Amino acid sequence: MKTVIQIALWLLSIFFVYQIYVSVMEPIKFDKVKKERYSAVIGKLKDIRDAQEAYRTVTGKFAKDFPSLIKFIDTAQFTLTQQRDSSYMEYDKVYRIDMEREVKVIDTLGFVPVKDSLFGGTDSYKNLASVPYAQNNEKYTMAAKTINTNGFVAPVFEVKVDKSVLLYDQPKDLVAKEKAAISVEEVNGPEIKVGSLSEVSTSANWPPYYDTKQDN
């Protein structure tokens, strides 16, 4: 009987040690997985933002959906210009003499396809809507509209994805905690997003860590 009790105690000890190990290691593993997946998602959100800003530069507004944005990237061109100072002589009726007038002249140098400028000639932009690591090929949610702010009508857009789409295979309690995160070092809230539909902004809700990590 004494031997049986000793074995049982050993098994309980091993079980409790394992539980402690899991409780310590699980958040560490979660953080590693989270940052790896967030980096991929944020990288694509940056590409989407760049494409949207190019869309606005050419059309004066933002694309409302991915088909419109992808078609724009596939066909649109940037106009390359150069501004230079120039002057000419003009007769002044007041002074009754020819006087020099200074002007700014904008020369068109050529055109560059948007897809070459933003994506180096690759066709990766055709998959902009797809969320990396998504289990069921989920797509980013994108919307665009115009808002009136202090009498000024401005175009705005927003692109987002719920964190649970990326963390579908992670512990539920850690995912719930992550979606409630509020910190300068974390992606705040339940979603990863860029832009805003309520204010004129193309900023995002991820911390500088992800910008620094991808720029290195």
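Residues numbered from 1 in each chain as written. Predicted model: local features only at pLDDT ≥ 70, side-chain atom pairs only at ≥ 80, totals over all residues. Heavy atoms only, no water.

1. Let's talk about the sheet that holds strand β4 (residues 152-162)
In space, the three strands of this open sheet follow the order β3-β4-β5, with antiparallel pairing throughout. If you trace the sheet from one side to the other, it starts and ends with β3 (141-149) and β5 (191-195), each paired once. Neighbour-to-neighbour, the strand axes of the sheet open up by a mean angle of 25 degrees, direction not taken into account. In this structure, β4 lies alongside β5, joined through five bridges in antiparallel fashion. In the strand pairing of β5, D162 is matched with E191. (Pairing = 2+ DSSP bridges. Helix = DSSP H or I, 4+ residues; strand = E, 2+ residues; numbered from the N terminus. Axes fitted to C-alpha atoms, helices over the stretch in contact; angles between N-to-C directions.)

2. Let's talk about the pattern of salt bridges
All chains considered together, the criterion is met by 11 salt bridges. Ionic pairing is found between K34 and D31, a salt bridge with its closest N-O pair at 3.3 Å. Here K34 pairs with D31, and both are found in helix α1 (residues 2-59), just three residues apart, close to one helical turn. For the salt bridge of K34 with E186, the shortest nitrogen-to-oxygen distance reads 3.0 Å. Here E186 lies in the loop between α5 (172-179) and β5 and K34 lies in helix α1, a separation of 152 residues in the sequence. Three or more residues joined by partner-sharing salt bridges are found here, namely D31, K34, K35, K163, E178 and E186. (Salt bridge = Lys/Arg side-chain N within 4 Å of Asp/Glu carboxyl O.)

3. Comments concerning the packing of aromatic side chains
Applying the stated rule across the entire model yields five aromatic pairs. With centroids separated by 5.7 Å and ring planes inclined at 45 degrees, the aromatic side chains of F119 and Y125 adopt a geometry described as tilted. The exposure class of F119 is buried, given its relative accessible area of 10%. Residue placement shows K35 over the ring face of Y209; its charged tip is 4.9 Å from the ring centre. (Phe/Tyr/Trp six-rings, centres within 6.5 Å; stacked < 30°, edge-to-face > 60°. Buried < 20%, exposed > 50% of the residue type's maximum accessible area, 1.4 Å probe, protein only. Lys NZ or Arg CZ within 6 Å of the ring centre and 35° of its normal.)

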